[in-house]
Every structure is written in C-alpha cells, then in structure tokens.
Number of protein chains: 2
Amino acid sequence: MSYRIGIDIGGMSVKLGIVDDDFRVIERMRIATGMGCRCQELIADMVDACRQLGERYPVSSVGIGSAGLVDSQRGYVVRAGNLPFQNEPLAEKLSGPLGLPVYLDNDANCALIGEHMAGACQDCQDAIILTIGTGIGGAILIGGRIYRGHNGRAGEFGHFVFDRQSTRRCSCGLTGCFEEYASATALLAMTRKKIEAAPDSLLAVETAAGVDGMAVFGAAQRGCREAVEVLQEYARILAMGINSMVHIFQPEVTVLSGGISLQGDYLLGLLAPYLLPESVVRTTALEGNGGLIGAALLGTI
Amino acid sequence: MSYRIGIDIGGMSVKLGIVDDDFRVIERMRIATGMGCRCQELIADMVDACRQLGERYPVSSVGIGSAGLVDSQRGYVVRAGNLPFQNEPLAEKLSGPLGLPVYLDNDANCALIGEHMAGACQDCQDAIILTIGTGIGGAILIGGRIYRGHNGRAGEFGHFVFDRQSTRRCSCGLTGCFEEYASATALLAMTRKKIEAAPDSLLAVETAAGVDGMAVFGAAQRGCREAVEVLQEYARILAMGINSMVHIFQPEVTVLSGGISLQGDYLLGLLAPYLLPESVVRTTALEGNGGLIGAALLGTI
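Residues numbered from 1 in each chain as written. Chains lettered and ligands numbered in written order. Predicted model: local features only at pLDDT ≥ 70, side-chain atom pairs only at ≥ 80, totals over all residues. Heavy atoms only, no water.

Visitor: Help me out: how do you make sense of the overall build of chain A in this one?
Guide: In terms of regular secondary structure, chain A is built from 10 helices and 13 strands. Radius of gyration (C-alpha) of chain A: 20 Å, near the 19 Å computed for a compact globule of 301 residues. Of all 301 residues assigned to chain A, the portion counted as buried reaches 57%. Across chain A, the fraction of contacts at a sequence separation of at least 24, relative to all contacts at a separation of at least 6, is 59%. (Helix = DSSP H or I, 4+ residues; strand = E, 2+ residues; numbered from the N terminus. Rg over C-alpha atoms; globule rule 2.2 N^0.38 Å. Buried < 20%, exposed > 50% of the residue type's maximum accessible area, 1.4 Å probe, protein only. Contact = heavy atoms within 4.5 Å.)

Visitor: What am I meant to see in the relation of the copies chain B and chain A here?
Guide: The second copy of the chain is related to the first by a rotation about an axis and a shift along the axis. Its rotation angle being 180°, the transformation that places chain B on chain A also includes 0.0 Å of axial translation and leaves an RMSD of 0.0 Å. Considering both components of the superposition, the chain copies are consistent with a two-fold axis. Of the interface residues in chain B, 100% have counterparts in chain A that sit at the interface too, so the contact is made through matching surfaces. (Least-squares fit on C-alpha atoms with pLDDT ≥ 70 in both.)

Visitor: Looking at this structure, how should I read the side chain of aspartate 163 of chain A?
Guide: Take aspartate 163 of chain A: it is sitting in the loop between β11 (145-146) and α4 (179-182). Under the relative-accessibility criterion, aspartate 163 of chain A is labelled buried at 2%. Within the local environment of aspartate 163 of chain A, its side chain forms a polar contact with the backbone nitrogen of glutamine 165 of chain A, the two atoms lying 2.9 Å apart. Leaving out residues up to four positions away in the same chain, aspartate 163 of chain A has contacts with Thr175, Gly176 and Tyr181 of chain A together with Phe162, Asp163, Arg164 and Gln165 of chain B. (Polar contact = N/O pair within 3.5 Å; in protein donor to acceptor, adjacent residues only side chain to side chain.)

Visitor: Got a minute to help me understand the nonpolar core in this structure?
Guide: Soluble globular proteins tend to pack their nonpolar side chains together in the buried interior. Residues Leu271 of chain A together with Leu271 of chain B are the most contacted members of the largest nonpolar core, which totals 104 residues. Those residues in contact with leucine 271 of chain A that sit more than four places away from it in its chain are Ala235, Leu238, Ala239, Ile242, Leu256 and Val281 of chain A. (Core = buried A, V, L, I, M, F, W, Y, C linked by side-chain atoms within 4.5 Å.)

Visitor: Help me understand the confidence of the model for chain A in this model?
Guide: Detailed reading of the predicted model is not advised wherever pLDDT is low. Mean pLDDT over chain A: 95, with 99% of residues reaching 70 or higher. Scored as a complex, the prediction yields pTM 0.95 and ipTM 0.95. (pLDDT = per-residue confidence, 0-100.)

Visitor: What am I meant to see in the sheet that holds strand β13 (residues 281-283) of chain B here?
Guide: In any sheet, the strands associate via hydrogen bonds between backbone groups, in a parallel or an antiparallel arrangement. Residue and element names in this part refer to chain B. Read across the sheet, five strands follow the order β11-β10-β9-β12-β13 without closing on themselves; strand pairing throughout is mixed. In this open sheet, the two strands that pair with only one neighbour each are β11 (145-147) and β13. Put simply, the sheet's adjacent strands are angled 30° from each other on average, direction ignored. In this sheet, strand β12 (residues 253-257) lies alongside strand β9 (residues 127-132) in parallel orientation, the contact comprising five bridges. Across the sheet, residue isoleucine 128 finds its bridge partner in β12, namely threonine 254. (Pairing = 2+ DSSP bridges. Axes fitted to C-alpha atoms, helices over the stretch in contact; angles between N-to-C directions.)

Visitor: Please clarify how the pattern of salt bridges should be interpreted in this entry.
Guide: For side chains bearing opposite charge, pairing can occur when the charged atoms are close. Residue and element names in this part refer to chain A. The full count for this structure, using the stated rule, is 34 salt bridges over all chains. Between glutamate 88 and lysine 93 there is a salt bridge, and its shortest N-O distance comes to 2.4 Å. When its relative accessible area of 7% is taken as the criterion, glutamate 88 is described as buried. Salt bridges sharing common partners tie together Lys194, Arg225, Glu226 and Glu229. (Salt bridge = Lys/Arg side-chain N within 4 Å of Asp/Glu carboxyl O.)

Visitor: Can you walk me through the interface of chain B and chain A in this structure?
Guide: A common way to report how large an interface is uses the accessible area buried once the components associate. With 36 residues of chain B at the interface, the matching set in chain A holds 36 residues. Carbon and sulfur atoms supply 59% of the area buried between chain B and chain A, which totals about 3,300 Å² over both sides. Broken down residue by residue, the surface that chain B buries against chain A is led by Arg164, His247 and Ile248 of chain B, which jointly contribute 21%. If you look at where chain B meets chain A, you find four salt bridges. In this structure, the salt-bridge partner of aspartate 163 of chain A is arginine 164 of chain B, at a minimum N-O distance of 2.9 Å. Between chain B and chain A we count 22 residue pairs in polar contact (both at pLDDT 80 or more) in total. For the side of chain B that touches chain A, the secondary-structure elements that each account for two or more residues are β10 (136-142) and α8 (225-249) of chain B. (Buried area = accessible area lost by both parts, 1.4 Å probe.)

This is the structure:
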C-alpha cells in the first residue's frame, strides 16, 4: 500500500489528507486561513502538518490543489483570491523541507482528476467538470488527460458571456459572465430576493436567523413552494450553461462539484427538465473530497 | 509529387479540387446544388468530376468536408441543411466506383485541418476555428489533432447561450444562441436595420439595388460613417464570443474563416479594441480554400 498527501487550498481553510491506493481519505487535518493570514506562516503550518502525517504513514508524494491562478509546470501559485500568495513557488517551498516530490495544480483540475480516478467519471476519457462555489470554475478531460490550454488557464466555464445585455464588468474582463447567474453566490442572492418578496414563507421563517446557500434546499425539501420556485429558476439557468458547454465539448459526462452538488439526485431532478438529451450530468461521487483526492493523485496520471 | 482530391460540400455548391503536396489547389471544379437537387444524381456528378480529375492526375485519395451533421467514423452524412442527404453513406458511395480511399468529415473540422497544415495556425498544436457564415460553426485542435467529442459533434461555437434573456428557440434546442448575434446573417440584419434608419447614407445608396453581407465592408472602406458603426457593433459582439471561447480553451490562436474573414486585417483592426490580451486572433490564410484543402488532407493527419 502506498500513501499520498493531498492538500486542498481554499479561501477559508487548507484541508490536508492521506489518500491510499484505494483512493480513500484515511486521515485528515485542517488549517484555518482567512483574513490576515501570512504567506510564510501558512507554508510553515502546511510543512508541519505534512510532517505529522508523514510520521504515521510512509508518504510517497504530496499534491496540492489551489484556488486561484496556478502555474502547475513551475509549481507556482500566481495568485489565489483571499489567500496571501503572490507568485509563490509553493511546490518548492514544501518539497525542500519535506524531501518529497510535490505537485501543484488548480483546484478544478484536481477535482476532475479525483472524479476521473475515483468518482463520477471513472468510466470516461472525455469529460468536463463545473465546480460551483463562490464563482464557477471548470476543468477539461480529453483522452483521459487534463487539457490546460497553452497557458495553463483553460476551463474557465464561469467566464463566458451569458448575458450579452449586461454591462457589469467582471474581473476577468468580460461582461455578463455565466458565474454571475449560476454560482452559489447567485443562488444565495436569488434566495434573499425571494425571502424579501415572501416574508411569510417557510423559507423566510427558517432563515430568520441567517441565510446561507444551502438553506433553500432544506426549505424546498420540506415542501416550501417559494423555495422550490427559487431552485427551479436556478436549475433552469444552470442547465443553460451546462447545455452550452455540452455543445462545445460533447463530453461523455458533465460532472458538477462544489457544495450545491452535494444535493445529488435532488439537484439532478431539478436540472432534468432543462437539459438537452445529449447532456449527461452527474454530481460528484466523492462527497466534497474530490479536490483533495485529485490533488493527492497529481503526478500519477 | 502526390495528388489528393478535396471536396467541399456547401449549401449552394459542391467545390472539388486537386491539392498537391505543397497544399496548393492546382485544379478545380464546381457542381451547383440548391433546391430540388437529388441525392443520387449529386453523388453521380461527384463521382464523374473525381474521374475527370483522376484522368489528369495520379490521385491517391479523396476527402470530403460536408456542411451539416457528419459521422466521420462511418463515413455518413447524417443530414446537411438544404442538401438531400439523409443518413447517406457518402464515403462508400464514392470509394466503390472510384477505387480510392475516401474520407469524410464536417466542414469546420476540414477548415481547421487546412489552416493547421497550410494556413493560419501551422505553428500551433492547440487552436480553435470559428467558421462564420449563415450560422457559426467551429472546430477544436488539441495536441495537433481534431477533438470531436464522444459523438463527433463537438465544437458548436455558435450554440452557447449568449443572451440569457432571449426566448427565441434555436433548432439546437437552446435559446439566445451566439450565432444569432454574430453570424453573417446577423451582420446582414444589422446592415438592413441601419439602411432603414439612415436612408441617405452612402451605405443605403450603394445597396439600393440589393444588399449582401459584404456590402457594409465596401461602404465602410469608402468612409461611410453608418457602415463603420454597424461594423464596430458587429465586431464588439463577435469579440465577446471569441473572448468567451478563449476563456474556455486558452488556445494559442483563434482562427476566423468564412466570407467575413476574407476582410483580413481590416476585420482584425475592428476586433482589436474588444479583444482580451490573451485572445490571439487570425483570419484564414487560405482565401476561402481552407475547407477544400483540409478535406483533401483528411486521412493524412
């Protein structure tokens, strides 16, 4: 049995785990990040966590999946949203002290590698993934390999023009980007709007103490009509984007990951009426561990 | 020197040509199609034309690029717009009588193969093409090979949702498809609208006898302000789609083909203000012969 460390760097925390040959996460750790966290301290914490894991398992490699813009060939995190990385040679900073090979890729590529090796598209050579969170990311599997484009930045499925009439400029340079309408952030905004419009609904009552992106699913499953309406409209919008990507890639499968995708069959049921016959959609089969598992497998595919 | 026959099947005519080892079209023929043309007669005409070409050159293979939906693996034209093909085993119908290998692919794939082997993206392994005509087609080159998707239908760059607010249903099943706003048909509609709004403009005067998709370029180059306005707005829209596909593929180059692309540097100048820095765009380098040359090269890459 061999053991690999996977590291999943997100905006709120760094998750680490030991992944075995059966692609199971058999031990895990977590480092909180957030405002004010410093780059070199965070790296020292990551080295320390890897060492702790390495004391208990004969680790053969470390793989890192990071949010933001990553140069996987050089092992650099170019920038990463809220995190304090700026052209940081992260792979080298870990491989030196650990004496292990360290691989780095972006989080969406890792999520797709995880699903391809151990999850929802194991049977596929051509697949795409939409990672739905604060924004929408994406990755592309072609012939069983990740396609990265000539600069490593391919797969930005959240950043095609979805509303040509919008004048709101995205940080990517375009207007009317798809993620503005179909991210978890967009679903939350839709939920808030409905709560305002229907203050007596179960959805409004249940979220009186605070609303998050998942609240609408709970209310819908308890029969709240307003919550179902929000989700049907969200599913219609998400399906328009999925169908668009299917026309471009004709993948065997389109995988959805991120918090919303954990709704599984319920989400697929909402999407079904709006999908084209050729749009074969599955939700993550790795319960939020896809990015970590995929990161651990970097260097093996 | 070896010689191959390329056949480019479009809605209005079938173009045939002999392509030599230097990717030049050294002899050509044309068969008119259009309303009322019959399938078996058209095939007999194609066989006849190939025989005539074969009498003058030692032809080693025949390649066909067809509009519409093509099953390149089986050599079938599934359907092809105005043309009388319905699940037609076209490759076999030509290879039998001619005694030559016959390859078949869709017209956009052929156009990209032509540009990759002999045209605007010879130096690239990862490239995409937008074929701009009545609609918008597309094709994808990854690692020097055409990516077709699992069902052979990938690359429909005209059919992603570009206007989420549109309710007009496209034959593809989506609403607000990109080609509705950026095809040559769309440019013609924009031109007509401007002529109506500015009946005294040079554009209106020059097109009094009839307007086609290219008229607006002529008027613009002769200084007509209204024509320039139409083209600037068209370029803005086309660039939004190009930028979107660049975010998805990050290709080395995006090639434009079709009638509008023959405007070359003038078109690129119009696009430039609206392109993202990473969007490297070139127009066809094969003067309308890309599809024919690419068809002739089928089976060689």
